[in-house]
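# Summary of the model geometry
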Amino acid sequence: MPLDRKSAPNDLRAFWMPFTANRQFKSAPRMLVAAKDMHYTTSDGRQILDGTAGLWCCNAGHCRPKITEAVQAQVAEMDYAPAFQMGHPLAFELANRIVDIAPDGIEHVFYCNSGSEAVDTALKIALAYHRARGDSARTRLIGRERGYHGVGFGGISVGGIVNNRRFFGSLLTGVDHLPHTHLPENAFTKGQPEHGANLADELERIIALHGAETIAAVIVEPMAGSTGVLLPPKGYLKRLREITQKHGILLIFDEVITGFGRLGSPFAAQHFDVIPDMITCAKGLTNGVIPMGAVLTTAQIHDAFMQGPEHVIELFHGYTYSGNPVACAAGLATLDTYAEDGLLTRAADLETYWQEALHGLKGLPHVVDIRNMGLIGAVELAPMEGQPGKRAFDVFVKAFEAGIMIRITGDIIAMSPPLIISKEQIDELVGTLAEVLRQAG
Ligand code: PMP
């Protein structure tokens, strides 16, 4: 019997869904069966306008022929190649192509399969880098409150989301957190907020507490996406860079969301003109089509490992699927598509239109803040008395019924549409959300 891919399955019990209210979902499933460009199709045949690029990953929109054809061709040509002590051309070509669009000074690419793996890889490289230089006392890691760095043990340790940490034991030791940068006085700021650059100075306090010689790395999202689009205050990232540089501490930008054009340049590092020592990326690297992540590093980090006898492995780390040929084919076709359609800078062209559309929601019931940059934005709602997250959840369900896909985190609605969105589709997305907010009010 051929698989039925177009209608809702009858038995939903076996699949334990990730980051999902399983019981609620299974009582009223939202089932997607097809996707094309800006739209999903549901099992009951409805078109849903994608306001979130899937999960912040399908930057070129869905089922782009160039990417799907490249994947199909590669699966038929060479489905898999061992990742260790063996190579294949696409992995080298893709690494060069990533470096071509990466910030100046970023010269090497280490592959993995997801954002979480990229984060844990970057943290391990940071620790091993210092050790390779004889600086083995540098073992402490610093993250930030409200940071999301995936779900590996490293990522949740440096991450700053209570629910992602508190059920899972004692986590990594030797981790501190900077304060988050989300200040009430910045509410309804368009673009980067004015207040809060001084929060970077908290790093000096943490350094004074432990001694710089014990600290390996600081990891932050240049713009925190998953906790509700929290933008860096003006000057904040530059200050972090100055302090880390002064003390020989590595700075890692987690660009799993901001990488590949979300803010109007290939990486947020270029947008903010702050170059970190490492960048983690995933999602948009393959347009979400095949799982893939990567850690991008400077030559200084890479070269610190290239010592010792030549036959000895330099970094004892890697994954069975690092640089998987099918993922590489998807990555190359994705970068071609971004280049052909000018997508790595398109968010900059649409930013003002997007901003004005979003800020037009000000004054609607329960809206307490609106934030935006590039093609990402958030609308924050006042929580319902005694039921945090419920108001936004209801809006999310109603929005899906009304034909748009949005994302929620707590009582914050986040949107990050594919970078191919038209102005008319921005109007449709924001207009539909406005209608849902009015009705929910
Ligand atoms: N880091 C950041 C900044 C992210 O936004 C995400 C995913 N939203 C991750 C890491 C984890 O990526 P993945 O889900 O691919 O493991």
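Residues numbered from 1 in each chain as written. Predicted model: local features only at pLDDT ≥ 70, side-chain atom pairs only at ≥ 80, totals over all residues.

What counts is decided by this rule: UniProt positions are given in the numbering used here, feature names are shortened, and annotations may be inferred rather than shown by experiment.
As annotated in an unreviewed UniProt entry, the chain carries the name Aspartate aminotransferase family protein and comes from Paracoccus maritimus. Regarding the chain, the relevant UniProt record gives this comment under Cofactor (unreviewed entry): "pyridoxal 5'-phosphate".

### Quick look at the overall build of the chain
Operational definition: Each helix is a run of H or I in the DSSP string that is no shorter than four residues. Each strand is a run of E no shorter than two, and both are numbered from the N terminus. The globule rule is 2.2 Å times the number of residues to the power 0.38, and the radius of gyration it is compared with is taken over C-alpha atoms. Exposure in this text rests on C-beta crowding, where 20 or more other C-beta atoms within 10 Å of a residue's own make it buried, 12 or fewer make it exposed, and counts in between make it partly exposed. The C-beta atoms are placed from the backbone. Contact definition: two residues whose C-beta atoms, as placed from backbone geometry, lie within 7 Å.
Tallying secondary structure elements over the chain gives 15 helices and 15 strands in all. A compact globule built from 441 residues would reach a C-alpha radius of gyration of about 22 Å, and the chain, at 22 Å, matches this within 12%. C-alpha extents for the chain along the principal axes are approximately 65 × 55 × 45 Å. Per-residue burial for the chain yields a buried fraction of 47% across its 441 residues. Partitioning the intrachain contacts of the chain with sequence separation of at least 6 by distance along the chain shows that 73% fall at a separation of at least 24.

### Let's talk about the site of the ligand
Heads up, the rule is: Should the C-beta atom of a residue, placed from the backbone, lie within 6 Å of a molecule or strand, that residue is near it. Polarity classes work like this: nonpolar for Ala, Val, Leu, Ile, Met, Phe, Trp, Tyr, Cys and Pro, charged for Asp, Glu, Lys and Arg, and polar for all others, with Gly in that last group.
In the neighbourhood of the ligand, 14 residues make up the surrounding shell, with Ser-114, Gly-115, Ser-116, Gly-150 and Val-256 lying closest. For the shell around the ligand, the element with the most residues is helix H5 (residues 115-132), which contributes 3 residues. Split by residue class, the shell around the ligand holds 5 nonpolar, 7 polar and 2 charged.

### Regarding the domain arrangement of the chain
Applied cut-off: Note that domain bounds follow an automatic or database assignment of domains.
Here the domain parsing of the chain yields domain 1 (22-51 + 344-440) and domain 2 (68-341). Of note, the centres of domain 1 and domain 2, computed from C-alpha atoms alone, are 27 Å apart. Of the residues lining the interface, 28 residues belong to domain 1; the matching set on domain 2 comes to 22 residues. Secondary structure elements with two or more residues in the side of domain 1 that touches domain 2: helix H13 (343-359), strand E11 (367-373), strand E12 (376-381) and strand E15 (412-415). Top contributing element to the side of domain 1 that touches domain 2 by residue count: H13, with 8 residues.

### Digging into the pairing of strand E7 (residues 215-220)
This is how it is decided: For two strands to count as paired, DSSP must find a minimum of two bridges between them. A clockwise course of the path from the first strand over the helix to the second, judged with the strands pointing away from the viewer, identifies a crossover as right-handed.
Of all the 6 residues making up E7, 6 are buried; the element is thus mostly covered by neighbouring parts of the structure. Inspection of the sheet shows strand E5 (residues 140-144) paired to E7 by 3 bridges, in the parallel sense. For Arg-140, the partnering residue across the bridge sits in E7 and is Ile-215. Bridge analysis of E7 against strand E8 (residues 250-254) gives 4 bridges, and the strand direction is parallel. Directly across from Val-218, in E8, lies its bridge partner Leu-251. Running through helix H9 (residues 236-246), the crossover from E7 to the neighbouring parallel element E8 is right-handed.

### Some words on helix H3 (residues 65-77)
To keep it simple, the criterion reads: To estimate how far a helix should extend, the number of its residues minus one is multiplied by 1.5 Å. It is the directions from the helix axis to the C-beta atoms that the arc portrays.
Between its first and last C-alpha atoms H3 spans 18 Å; for 13 residues at 1.5 Å apiece the expected length is 18 Å, and the two agree. Inspection of H3 places Ile-67, Ala-70 and Gln-74 among the buried residues, and these make up the whole buried set. Relative to the axis of H3, the buried residues are bounded by an arc of 65° and lie together on one face. Residues Pro-65, Glu-69, Gln-72, Ala-73 and Ala-76 are exposed on H3 and point more than 90 degrees away from its buried face. The inward-facing, buried residues of H3 contact helix H12 (325-341).

### Here's the deal with the sheet that holds E11
The strands that make up a sheet are held in pairs by hydrogen bonds between backbone atoms, and each pair lies either parallel or antiparallel. Put simply, the rule is: Every axis corresponds to a line fitted to the C-alpha atoms, with the helix fit spanning only the stretch in contact, and the corresponding angles, defined between N-to-C directions, vary from 0 to 180 degrees.
Ordered in space as E11-E12-E15-E14, the 4 strands form an open sheet in which the pairing is antiparallel. The open sheet has two edge strands with one neighbour each: E11 and strand E14 (407-409). On average, adjacent strands in this sheet sit at an angle of 20° to one another, irrespective of strand direction. Pairing analysis gives 4 bridges linking E12 to E15, with the strands arranged antiparallel. Note that in E15 the partner of Gly-377 across the bridge is Met-415.

### Section: unusual backbone geometry
A positive phi angle is found at Asp-37, which is not glycine, with a value near 55°. Following the sequence through the fold, Asp-37 ends up in the loop between strand E1 (32-36) and strand E2 (39-42). Backbone geometry at Arg-146 places phi at a positive 60°, although glycine is not the residue there. Assignment of secondary structure puts Arg-146 in the loop between E5 and helix H6 (153-158). By the C-beta count within 10 Å, which is 21 here, Arg-146 ends up buried.

### A few points about the packing of helix H14 (residues 390-401) against helix H15 (residues 423-440)
Heads up, the rule is: Any angle between 65 and 115 degrees counts as roughly perpendicular, while under 35 counts as roughly parallel, over 145 as roughly antiparallel, and the rest as oblique. A clockwise turn of the near helix away from the far one marks a right-handed crossing, whereas an anticlockwise turn of less than a right angle marks a left-handed crossing.
Axis separation between H14 and H15 bottoms out at 10 Å; the angle between their running directions is 130°. Here H15 runs oblique to H14, going by the angle between their axes. Where H14 crosses over H15, the two elements pack in a sense that is right-handed. Taking contact as the criterion, the partners of Asp-394, Val-395, Lys-398 and Ala-399 in H14 are, on H15, Thr-432, Leu-433, Val-436, Leu-437, Gln-439 and Ala-440. A per-class count over the contact of H14 with H15 returns 6 nonpolar, 2 polar and 2 charged.

### Thoughts on the environment of Pro-291
For Pro-291, the location among the structural elements is in the loop between strand E9 (278-281) and strand E10 (293-298). Pro-291 sits 39 residues away from Ala-330 along the chain, and the two C-alpha atoms are 9.4 Å apart. Setting aside residues up to four positions removed in sequence, Pro-291 forms contacts with Asn-113, Ser-114 and Ala-327.

### Considering the packing of helix H4 (residues 89-101) against H12
Running from N to C, H4 and H12 point in directions that differ by 35°, and their axes come no closer than 9 Å. Crossing of H4 over H12 shows left-handed handedness. Across the interface between the two elements, Leu-90, Ala-91, Glu-93, Leu-94 and Arg-97 of H4 pack against Pro-325, Cys-328, Ala-329, Gly-331, Leu-332 and Leu-335 of H12. The residue inventory of the contact of H4 with H12, partitioned by class, reads 8 nonpolar, 1 polar and 2 charged.

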